[in-house]
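# Structure assessment
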Amino acid sequence: IQHRGMEIKMPHPIAPHDISLVGSPLHFSDTPVSYRACPPTLGENTQDVLSSFLNLTPADLADLRAKKII
């Protein structure tokens, strides 16, 4: 990873320092890869995923939260 120049460092909201991550193995001279966001924390995107991919409504999500499923 280091030899191929794939190690990247990014700030993370729960880490005191930048974290090391594995970057893309693809390197294009005209269109370099950009890294916009660090990995999500546990459960950070749960509501977005459930509503986007499963079409759950806010009421559905509230019901799942009340039942301690999410």
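Bear in mind that the values here come from a model prediction, so they are computed numbers and not experimental data.

### Concerning the overall build of the chain
For the chain, the count of helices and strands is 2 helices and 2 strands. From first element to last, N terminus to C terminus, the chain shows the α and β order β-β-α-α. For the chain, the C-alpha radius of gyration of 18 Å lies well beyond 11 Å, the compact-globule estimate for 70 residues. Expressed as lengths along the three principal axes of its C-alpha atoms, the size of the chain is roughly 50 × 30 × 15 Å.

### Brief notes about a nonpolar patch on the surface
A cluster of nonpolar side chains, Val49, Phe53 and Leu54, forms an exposed patch at the surface whose accessible area comes to about 340 Å². By secondary structure assignment, the location of phenylalanine 53 is in helix 1 (residues 46-54).

### Section: the packing of helix 1 against helix 2 (residues 58-66)
Running from N to C, helix 1 and helix 2 point in directions that differ by 135 degrees, and their axes come no closer than 10 Å. On the basis of the axis angle, helix 1 is oblique to helix 2. In the packing of helix 1 onto helix 2, the handedness of the crossing is right-handed. Two secondary-structure elements touch here, helix 1 through Gln47, Leu50 and Ser51 and helix 2 through Leu61, Leu64 and Arg65. Taken together, the residues that form the contact of helix 1 with helix 2 break down as 3 nonpolar, 2 polar and 1 charged.

### Topic: the side chain of histidine 12
Tracing the backbone through its elements, the reader meets histidine 12 in the loop between strand 1 (7-10) and strand 2 (19-22). In this structure histidine 12 touches Ile19, Cys38, Pro39 and Thr41, once residues within four positions along its chain are discounted.

Conventions and cut-offs
- Residues numbered from 1 in each chain as written.
- Predicted model: local features only at pLDDT ≥ 70, side-chain atom pairs only at ≥ 80, totals over all residues.
- Heavy atoms only, no water.
- Helix = DSSP H or I, 4+ residues; strand = E, 2+ residues; numbered from the N terminus.
- Rg over C-alpha atoms; globule rule 2.2 N^0.38 Å.
- Patch = residues over 30% accessible without salt bridge, like charges linked within 9 Å, V, L, I, M, F, W, Y side chains within 5 Å.
- Areas by Shrake-Rupley, 256 points an atom, 1.4 Å probe, with all protein chains shown as cover.
- Salt bridge = Lys/Arg side-chain N within 4 Å of Asp/Glu carboxyl O.
- Axes fitted to C-alpha atoms, helices over the stretch in contact; angles between N-to-C directions.
- Parallel < 35°, antiparallel > 145°, perpendicular 65-115°, else oblique.
- Left-handed = near helix turned anticlockwise from the far one by under 90°.
- Contact = heavy atoms within 4.5 Å.
- Nonpolar A, V, L, I, M, F, W, Y, C, P; charged D, E, K, R; others polar.

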